[in-house]
Structures are given as C-alpha cells and as structure tokens.
Amino acid sequence: MLQQRTLKTLTRAVGVGLHSGQRVELTLRPAQPDTGIVFRRVDLPEPVDIPVSAQAVSDTRMASTIGTGAARVHTVEHLMSACAGLGVDNLYVDITAEEVPILDGSSASFVFLLQSAGIVLQNAPRRFIRVTQPVEVRQGEGAQAKWARLDPYHGFKLRFEIDFAHPAVDSTGQCVEFDLGTGNYSRDIARARTFGFTKDVEMMRASGLALGGGLDNAIVMDDYRVLNADGLRYDDEFVKHKILDAMGDLYLVGKPLLAAYGAFRSGHALNNLLLRELLAHPEAWEIVTFDNERLAPAGFAQPARAW
Ligand SMILES: [Zn+2]
C-alpha cells in the first residue's frame with residue numbers, strides 16, 4: 001500500500017514575513033492520518049485552525065492567503081511546495097502571526113526543516129486526485145494572455161513558461177518541465193527564490209507590502225539587471241520559482257494530484273482558479289489509492305531524496 005506520511009518529531013523555525021515584516025515563529029508538528037495540512041493561528045485569543053483547501057484561499061494578489069472567518073495566513077505557497085515535493089500528507093503548522101516566514105525566499109529551508117524532523121509512513125492509504133479529463137482556465141487577450149491547465153498523467157509533472165519582457169529575466173531559461181517522479185525536487189526546484197523588481201518594491205512598500213523583503217530573501221532587479229551580489233542559484237531560477245509556487249498553490253487542493261500541469265504566465269490567482277474549475281467538474285477527476293505500490297507512478301513509493 002502506498003501510505004500517507006507525516007513528520008517523525010516537531011520542528012521549529014523563526015523568521016520574518018515577506019510582506020508584513022513581522023517576526024513569526026513556526027512549529028511543524030506530526031498529525032494523524034487523514035488530517036491533511038492544517039495551519040493553526042496560535043497567537044489569537046482562541047487558537048484558530050485553517051485546514052488547507054481550494055476554497056480556503058481568500059487572497060492571491062501577492063501570495064496565496066488562506067483563511068477561516070477573520071483568521072488568515074498569508075504566503076503559504078513555499079511551505080506547501082516543500083510538503084508537495086517531499087510528499088507530506090498530514091501536518092500541523094502552528095504559527096504566531098498572519099504570515100509564513102519568508103526565510104531565504106525559496107522552499108529549501110522548509111525542505112531542510114521537514115527532512116531534519118524526519119518523515120514517517122502512516123497506516124493509511126495515500127489518497128490522490130487523479131485528473132481524468134483536461135481542465136483549463138484562461139485570462140486576458142494578446143500580450144496579456146495567460147493560461148493554466150491540467151491533463152491526465154500517471155504521475156505529477158509541471159511545465160511552466162514565463163514572459164516578463166525584462167532583460168535580466170529574458171536572458172535566462174523561459175520554460176521548464178519538472179517531473180516529481182524523478183525525486184529531484186530538493187535539488188532542482190526547492191532552491192529557486194522569489195523575485196521582484198525595485199520599482200515594484202517601492203510601490204509595494206508604499207502600500208505596506210514587501211516590508212520584510214530584501215536581497216537575502218529574494219532576487220531583486222532594477223530595470224536592467226540582477227542586484228544580488230552572488231547572482232542566480234540556477235540559470236533558469238525565475239521559471240523554476242514559478243514551478244515551485246505552482247506546486248504549492250496546487251497542493252492547497254488538499255491531496256496530491258496525478259496530472260500534468262501546464263501554464264503560461266500563470267500565478268497564484270489563476271492556479272487557484274484552476275483548482276476551483278477542476279473541483280467544479282467532478283467528471284474530470286477521481287480519488288485513487290494504490291494497494292499495490294508497483295502500480296503507483298515511478299518514484300512515488302520512495303520518500304523524496306535529499307539534495
Ligand atoms: Zn513564490
């Protein structure tokens with residue numbers, strides 16, 4: 001049987017929120033089978049649980065925000081991406097502020113945290129959402145066009161293409177395809193950092209955003225070039241970060257997908273719209289488990305390897 005996974009022990013991290021600039025403590029704890037991933041705001045007078053789901057996504061402007069009632073958690077996508085990449089099904093995320101710490105701007109720190117705590121198998125079948133018919137969402141026309149889609153695939157792979165019309169971004173790889181079954185998430189995707197442009201950063205700061213952002217947790221560019229002294233971590237770090245984000249956004253559906261994701265200039269909003277479109281078409285997917293591990297997609301039975 002292909003089993004669900006959680007952490008062996010709890011683990012902690014402290015950092016600042018990218019947008020709020022607030023100090024925040026994060027505690028990742030093991031959870032029972034079929035719990036899913038649950039964020040818990042432990043700083044509120046009464047702790048509030050926010051289980052991840054496509055419907056819990058309440059804001060997608062700069063990052064993916066989930067919420068229940070008035071309780072919110074912003075910028076969940078990099079931690080969610082690490083959980084998707086390592087195949088963690090059940091987890092409590094205790095958090096002391098309304099934003100997940102940005103750490104180094106990638107998901108590498110979360111991968112390190114999860115792997116240090118250890119990942120254990122649980123006595124319950126891993127439930128996948130298998131896409132059985134194509135689902136697609138589109139927005140905009142001409143140069144503004146963007147789209148994202150899911151196609152049936154025995155495994156999980158993502159293909160992303162960007163087009164920022166910016167010299168520093170355009171000189172890097174514009175398109176990447178990544179297959180989770182390779183087991184290379186930690187090495188090939190997790191280290192890709194978020195990125196921003198100085199002119200947007202000034203605008204965002206004026207409206208109280210990106211207050212915790214800087215050269216140690218993002219790739220920052222002026223109109224022409226990358227300002228980080230050490231340059232890029234991958235030749236195609238920008239598009240790889242979009243894959244990292246998409247994995248996190250899609251894992252908010254609450255279960256691992258068996259599908260091929262393809263996207264052109266998509267982002268948090270369109271990724272969430274794609275999940276809602278999928279869920280609105282029950283004929284386009286089914287829940288599956290694998291009693292026989294050998295029938296599971298290649299690479300899925302083994303915990304993801306470290307770098
Ligand atoms: Zn991101």
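A brief look at the structure comes next. Counting from 1, residues in each chain are numbered in the order their sequence is written. Local features in this predicted model are restricted to residues whose pLDDT is 70 or higher, and side-chain atom pairs enter the listing and the counts only when it is 80 or higher, whereas totals over whole chains, interfaces and linings include all residues. Computation of side-chain values: all heavy atoms of the structure, hydrogens and water removed.

**A word on the overall build of the protein**
Looking only at helices and strands, one finds seven helices and 19 strands in the protein. This radius of gyration counts C-alpha atoms alone. The globule rule is 2.2 Å times how many residues there are, raised to the power 0.38. The C-alpha atoms of the protein give a radius of gyration of 18 Å, which matches the 19 Å a tight globule of 307 residues would have. Projected onto the principal axes, the alpha-carbon positions of the protein cover approximately 55 × 45 × 35 Å. The buried label applies to any residue whose accessible area, calculated with a 1.4 Å probe on protein chains only, is under 20% of its type's maximum; exposed applies above 50%, and partly exposed to all values in between. When the 307 residues of the protein are sorted by exposure, 52% land in the buried category. Sequence separation of 24 or more characterises 75% of the internal contacts of the protein that already satisfy a separation of 6 or more. Only the protein chains shown count as cover for residues, and the accessible areas themselves come from Shrake-Rupley with a 1.4 Å probe. When the accessible area of the protein is evaluated, it comes to approximately 13,100 Å², of which 50% is carbon and sulfur surface. A helix here means a DSSP run of H or I that spans at least four residues, while a strand means a run of E at least two residues long, and both kinds are numbered starting from the N terminus. Contacts are residue-level and defined by heavy atoms, with any inter-residue pair within 4.5 Å sufficient.

**Focus: the pattern of salt bridges**
The working definition used for a salt bridge is a side-chain nitrogen of Lys or Arg within 4 Å of a carboxyl oxygen of Asp or Glu. By the definition in use, this model includes 18 salt bridges. A salt bridge links R61 to D59; the nearest nitrogen and oxygen atoms lie 2.8 Å apart. The shortest N-O distance in the salt bridge between R193 and E237 comes to 2.8 Å. In this pair, R193 sits in the loop between α4 (185-188) and β16 (195-197) while E237 sits in helix α6 (residues 237-251), placing the two residues 44 residues apart along the sequence. An identical accessibility class is assigned to R193 and E237; each is buried.

**Observations concerning the coordination of the zinc ion**
Sites may look incomplete, because water is not among the atoms used; the donor set itself consists of N, O and S atoms within 2.8 Å of the metal (3.2 Å for Na, K and Ca). Around the zinc ion, the donor atoms from the protein are H78 (NE2), H241 (NE2), D245 (OD) and D245 (OD), and they sit 2.1 to 2.7 Å away. Here the zinc ion is ringed by four donor atoms whose angles at the metal span 52 to 149°, and the overall shape comes out irregular. Binding-site remark: the zinc ion is held by donors from one chain whose sequence spacing is H-x162-H-x3-D. Placement of the pair is H241 and D245 together in helix α6, with a separation of four residues, close to one helical turn. The exposure classification of H241 matches that of D245, with both residues buried. Irregular is the default label, applied whenever a site is not tetrahedral (four donors, all angles between 85 and 135 degrees) and neither square planar nor octahedral (four or six donors, opposite donors over 155 degrees apart, all other angles between 65 and 115).

**Side note on the pairing of strand β15 (residues 175-179)**
Here β15 shows a clear split, with V176 and F178 buried on one side and none of C175, E177 and D179 buried on the other. Where strand β14 (residues 156-161) and β15 come together, five bridges link them in antiparallel fashion. Within β15, the residue paired with L158 across the bridge is F178. Paired strands, as defined in this entry, are two strands with at least two bridges between them according to DSSP.

**Describing the environment of N90**
Take N90: it is sitting in the loop between α1 (77-86) and β9 (91-95). In the structure, N90 is positioned 150 residues away from K240 in sequence and 26 Å away in space, judged by C-alpha atoms. Discounting residues that sit within four places of it in the chain, N90 has contacts with Q4, R5, T6, L7, A31, Q32, P33, D34, T35, G36 and Q122.

**What to know about the sheet that holds strand β8 (residues 71-73)**
With respect to topology, three strands assemble into an open sheet ordered β6-β7-β8, the strand pairing being antiparallel. The open sheet has two edge strands, β6 (57-59) and β8, and neither has a second partner. Along the sheet, successive strands turn relative to each other by an average axial angle of 45°, direction set aside. Helix axes are fitted to C-alpha atoms over the stretch in contact, other axes to C-alpha atoms as well, and angles between N-to-C directions run from 0 to 180 degrees.

**Observations regarding the pairing of β9**
Where burial is concerned, most of β9 is hidden: four out of the five residues are buried. Summarising the sheet, strand β3 (residues 23-30) and β9 pair through five bridges and their orientation is antiparallel. Counterpart to P30 in the pairing with β9 is L91. Where strand β4 (residues 37-41) lies against β9, five bridges are found, and the strand directions are parallel. The partner of F39 across the bridge, within β9, is V93.

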